[in-house]
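# Fold and geometry: a report
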Amino acid sequence: MKKFFFSFTTLIISFYAFSQEQSDAGAAISKTEYRAAAPKINDLVHTKLDARFDFQKAYLYGKAWITIKPHFYPTDSLTLDAKGMTIHQVALVSSGKNIPLHYSYDNNLYLKIHLNKTYRNTEQYTIYIDYTSKPNEFQSQGSAAITEAKGLYFINPSGEDKTKPIQIWTQGETESNSVWLPTIDKPNQKCTEEISMTVPSKFVTLSNGVLASQKKNADGTRTDTWKMNLPHSPYLFFMGAGEYAIVKDSYKGKEVSYYVEKPYEAVARKIFGLTPEMIKFYSQVLGVDYVWPKYSQIVGREYVSGAMENTTATLHQESAQQDARQLTDGNAWEDVISHELFHHWFGDLVTAESWSNITVNESFADYSEYLWREYKYGKDAADEHGYTAMQNYLGSPGESAKDLVRFYYKDKEDVFDLVSYQKGGRILHMLRNYVGDSAFFKSLHLYLDQNKFGNGNAHKLRLAFEQVTGKDLNWYFNQWYFGSGHPVLDISYHYNNAARQQTVIIKQSQRSGKLFRLPMAIDVYTGSSKTRYNVWIEHPSDSFNFPANTQPDLVNVDAEKITLAVKRDNKTLAQYIHQYRYAGSYIDRLEAINYATTHISENGSLPFLNEALSDKYFQLRSKAINAFADTAFDETTEQKIFQIAKTDPKKTVRAEAIDLLGTKRDIKYKEFFVSNLHDSSYSVAGSALQALNWIDPQMAVQQARILSKEPAKGKLSTALNTILILSGDPTAGTNILTEFEGLAFGQEKYDEAQLVGAFISNTQNTEQVKRGVDALVKFRDTAPDQYKEELATFINEIMFGNIISKKEAEMNGATNAAVLKEQIDYIKSKIPKK
């Protein structure tokens, strides 16, 4: 599963300036109940389902045939997960007849069935269940990764909302498919499956496996039957239906298809079209070919997560659907596409035996994004992803107290976090560096081969690595998989001229007191020549002495830039510039740019940042551009930035350059800004509009009104709506409120929230103020638990606080003071008292 909320986390955290030094403190983890793998009394063998849908009631009428056998010990009973259903009949299928069985239905959660006899593990039996699933009536709780957990979702079922399609989709992880299908809803269960869906004939359907048959019915419906003949876990079962366009590719004769809303049919391949190449790459690098019979991807409205790796039928949230202008800036969903596909090896083929071991699903999928970028776009793109992921983890103080393999947690949903994803991905990257590429991928191959169509855990992963490498890796897994936290390293340098010796001192200063054992490369540079030394850090303070006839130009600790740690590196600007020019990795160059940016007044910083404007990687060019945002720069630099704004091959870099030129408020750029208002990139057009607003606000408002008549997304949408709202345009505010209210929880809604706040702050219309405040309160109160506190602080203290202050200032001598007071009082009434 890929989650939408990590970028949201980063944005929220930025408001509170959490320091990396705090990140090893963490919060205490409750150790009250050991979360073992589910006991296996019975094993699923095959599931057959006949599903019919009542769109008006949002019900599923189901008939299920579940074939089971005892796992080892003889048993005369069966317990199935069946959440919030009405059970009509439970029977044993014998000789073509349904023989009624006694059962109890505990708390509308567990269906406990008394079998007709005691069965041994050499005997299979089939249970028939006639039931009604009522997902909207089931009270469920989601998580940071999944905002709801009712399993089956009817989207706009009555069709009343003409702006939204009618759809059905399911979300199983963690254990929500048992809302619509009686099953043993545990990840250590696997079975084959057959699902028949009866839907209006205008709909297409999607499920696991291949479409085996279609039957037209007399009532205007059609029954599609999907068969999956390879075993997989119940949480990966999927049903989807709606009016979709289906665009088809292939891989080795297997169907690779993309289900998108019809307006996106023309760009479906631009969004998903790299999938066959991804399948080929992952198959080759793992030495395990894609085993499943097809691979489809479908987009669901109002989806409760980012994406989900249902076997052969991945579900994506609607953010995946980007129009041609958005795609001009790059496919923002490509990482997610690669992530979910890789799960078809790590997650679907070999599945975590328990939620405690979710790392063997999600850490690998997170790291797959690095692998794809490295293969397709080069090491800079991969290292950017890895570095960003590491900083997301390090910037979240509460995460450091959590073990990667987590046998203690409050709720199974809690394990879907920055530790299981971003930290786990970095731990795999360090392991790859330690054992080497060949051993790393051979170990993954062995792990997959030994556990295919079964379950995995961290111990099995370690044993595979040990079998391939011949190394005892208990120390590594105990430290990183079964331990918590990360090192905080203080790095200092001393050159002894008399002894002609360079000393490097590395101290571990993490507050937890835990010491880490770290293999590390240190490169010593004289000019462009380097000598590498491989060392181990394992004490509170380690000193390393290296021969050097002259003082080195640079000592580059953690030369591969792979160590998961907070590093306080005491280098000079000159040393960082040397690192930028000669060490050369993305992170080497980024560190140098960051240092120069935070020491902008230091002699040499500006010329160096001017040099960095020509960096080979577009994201670092953007970094260099932004470094000049709060400082004066000379004519040469300005001309270089102008040239970037005109000709950089990356549209997003052009947009950053236009943003910077706009802050100059120089009339000479007006014609250039106007010429870019209709650029094919929303980013360029949005930046041009905002820059125009700095120079000629009246013209910017006029242009914003023109641009608002056409589709506008991303930076252009933000710019034109901000300009129109601040101009007092009532239509803009109403449009923003309507759009915001219709968005599902996620990054886009967070971005829109800030526009809603701006509108509330500027409008004098009390009803609109109340509507906007109510929408923000609903957003605040329905946030996943992991982000409730941060989002509440942001909305209550920052957004509402600023709005109240502005309106209070406007009250002085205002003729509408009573109106403003009513608005202020309403906002205050929505802020909980401490």
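First, a word on what this report is: a plain description of the structure on this page. (Residues numbered from 1 in each chain as written. Predicted model: local features only at pLDDT ≥ 70, side-chain atom pairs only at ≥ 80, totals over all residues. Heavy atoms only, no water.)

## As for the overall build of the chain
- For the chain, the count of helices and strands is 26 helices and 29 strands.
- By principal-axis analysis of the C-alpha atoms, the chain measures approximately 90 × 75 × 55 Å.
- Burial statistics for the chain: of 834 residues in total, 57% are counted as buried.
- Within the chain, residue pairs in contact and separated by at least 24 positions form 68% of the contacts whose partners lie at least 6 positions apart.
- Approximately 33400 Å² of the chain is accessible, and the part contributed by carbon and sulfur atoms is 49%.
- Here the chain contributes 93 positive and 98 negative side-chain charges, whose respective centroids are spaced 3 Å apart. (Helix = DSSP H or I, 4+ residues; strand = E, 2+ residues; numbered from the N terminus. Buried < 20%, exposed > 50% of the residue type's maximum accessible area, 1.4 Å probe, protein only. Contact = heavy atoms within 4.5 Å. Areas by Shrake-Rupley, 256 points an atom, 1.4 Å probe, with all protein chains shown as cover. Lys, Arg positive; Asp, Glu negative; His and termini not counted. Charge placed at Lys NZ, Arg CZ, Asp CG, Glu CD.)

## Some words on the sheet that holds strand 3 (residues 75-81)
- Within the open sheet, the 3 strands sit side by side as 3-7-6. Their pairing is antiparallel. With partners counted over all chains shown, the strands left at the sheet margins are strand 3 and strand 6 (102-106), one partner each. Averaged over all neighbouring strand pairs, the angle between strand axes comes to 25°, with direction disregarded.
- Note: strand 3 against strand 7 (residues 110-119), 6 bridges, orientation antiparallel. (Pairing = 2+ DSSP bridges. Axes fitted to C-alpha atoms, helices over the stretch in contact; angles between N-to-C directions.)

## Concerning the nonpolar core
- Counting residues in each nonpolar core, the largest one holds 92 residues, and the members touching the most others are Trp345, Phe346, Leu444, Tyr476, Trp480, Tyr481 and Ile506.
- Considering every element that reaches this core, the biggest residue donor is helix 9 (residues 437-451), with 7 residues.
- Contacts of Phe346, omitting those with residues within four sequence positions, involve Leu286, Val360, Asn361, Phe364, Leu444, Tyr447 and Leu448.
- Among the nonpolar cores identified, the runner-up in size contains 84 residues, and Tyr576, Tyr617, Ala655 and Ala783 belong to it. (Core = buried A, V, L, I, M, F, W, Y, C linked by side-chain atoms within 4.5 Å.)

## What about the side chain of Gln167?
- For Gln167, the position within the fold is in strand 10 (residues 167-170).
- Residue Gln167 is classed as buried on the basis of its relative accessible area, which comes to 1%.
- Only 2.8 Å separates the side chain of Gln167 from the backbone nitrogen of Arg301, close enough to count as a polar contact.
- If we ignore the near neighbours within four places in the chain, the residues touching Gln167 are Tyr153, Phe154, Ile155, Ala241, Tyr244, Glu261, Val299, Gly300 and Arg301. (Polar contact = N/O pair within 3.5 Å; in protein donor to acceptor, adjacent residues only side chain to side chain.)

## Looking at the packing of helix 17 (residues 651-662) against helix 19 (residues 682-695)
- Relative orientation of the contacting elements helix 17 and helix 19 amounts to 5°, with a least axis distance of 8 Å. When the axis of helix 17 is compared with that of helix 19, the two are roughly parallel. Residues Lys651, Thr652, Arg654, Ala655, Ile658, Asp659 and Gly662 of helix 17 form the contact with helix 19, whose participating residues are Ser683, Val684, Ser687, Ala688, Ala691 and Trp694.
- Looking at the contact of helix 17 with helix 19 residue by residue, the class counts come to 6 nonpolar, 4 polar and 3 charged. (Parallel < 35°, antiparallel > 145°, perpendicular 65-115°, else oblique. Nonpolar A, V, L, I, M, F, W, Y, C, P; charged D, E, K, R; others polar.)

## A word on the environment of Asp417
- Tracing the backbone shows Asp417 in the loop between helix 7 (379-394) and helix 8 (419-435).
- Taking the C-alpha atoms as reference points, Asp417 and Tyr393, 24 residues apart in sequence, are found 9.2 Å from one another.
- A polar side-chain atom of Asp417 sits 3.0 Å from the main-chain amide nitrogen of Ser420.

## Here's the deal with helix 14 (residues 605-612)
- If you check which residues of helix 14 are buried, you get Ser605, Phe608, Leu609, Asn610 and Ala612.
- Those residues of helix 14 that are buried lie in contact with helix 12 (573-583), helix 13 (586-598), helix 15 (618-627) and helix 16 (635-647).

## A look at the environment of Tyr105
- You can see Tyr105 is positioned in strand 6.
- Placed 227 residues apart in sequence, Tyr105 and Ala332 show a C-alpha to C-alpha distance of 46 Å.
- With near-sequence residues (within four places) excluded, Tyr105 lies in contact with Ala82, Lys83, Gly84, Met85, Ile87, Tyr110 and Leu111.
- Among the polar contacts made by the side chain of Tyr105, one reaches the main-chain amide nitrogen of Met85 at a distance of 2.9 Å.

## Considering unusual backbone geometry
- The step from Glu173 to Thr174 runs through a cis peptide bond, and the omega angle for that step is 5°.
- Position of Thr174 among the secondary structure elements: in the loop between strand 10 and strand 11 (191-200).
- Phi is positive for Thr312, which is not a glycine, with a value near 65°.
- With respect to the element layout, Thr312 can be found in the loop between strand 19 (307-308) and strand 20 (313-317).
- Positive phi outside glycine occurs at Asp558, with the angle close to 55°.
- Topologically, Asp558 is positioned in the loop between strand 28 (554-557) and strand 29 (566-569).

## A look at the pairing of strand 10
- Burial of the side chains of strand 10 extends over both faces: Gln167 and Trp169 are buried on one face and Ile168 and Thr170 on the other.
- For strand 9 (residues 152-155) and strand 10, the ladder comprises 4 bridges, and the chain directions are antiparallel. Within strand 10, the residue paired with Leu152 across the bridge is Thr170.
- Where strand 10 and strand 15 (residues 239-242) come together, 3 bridges link them in antiparallel fashion.

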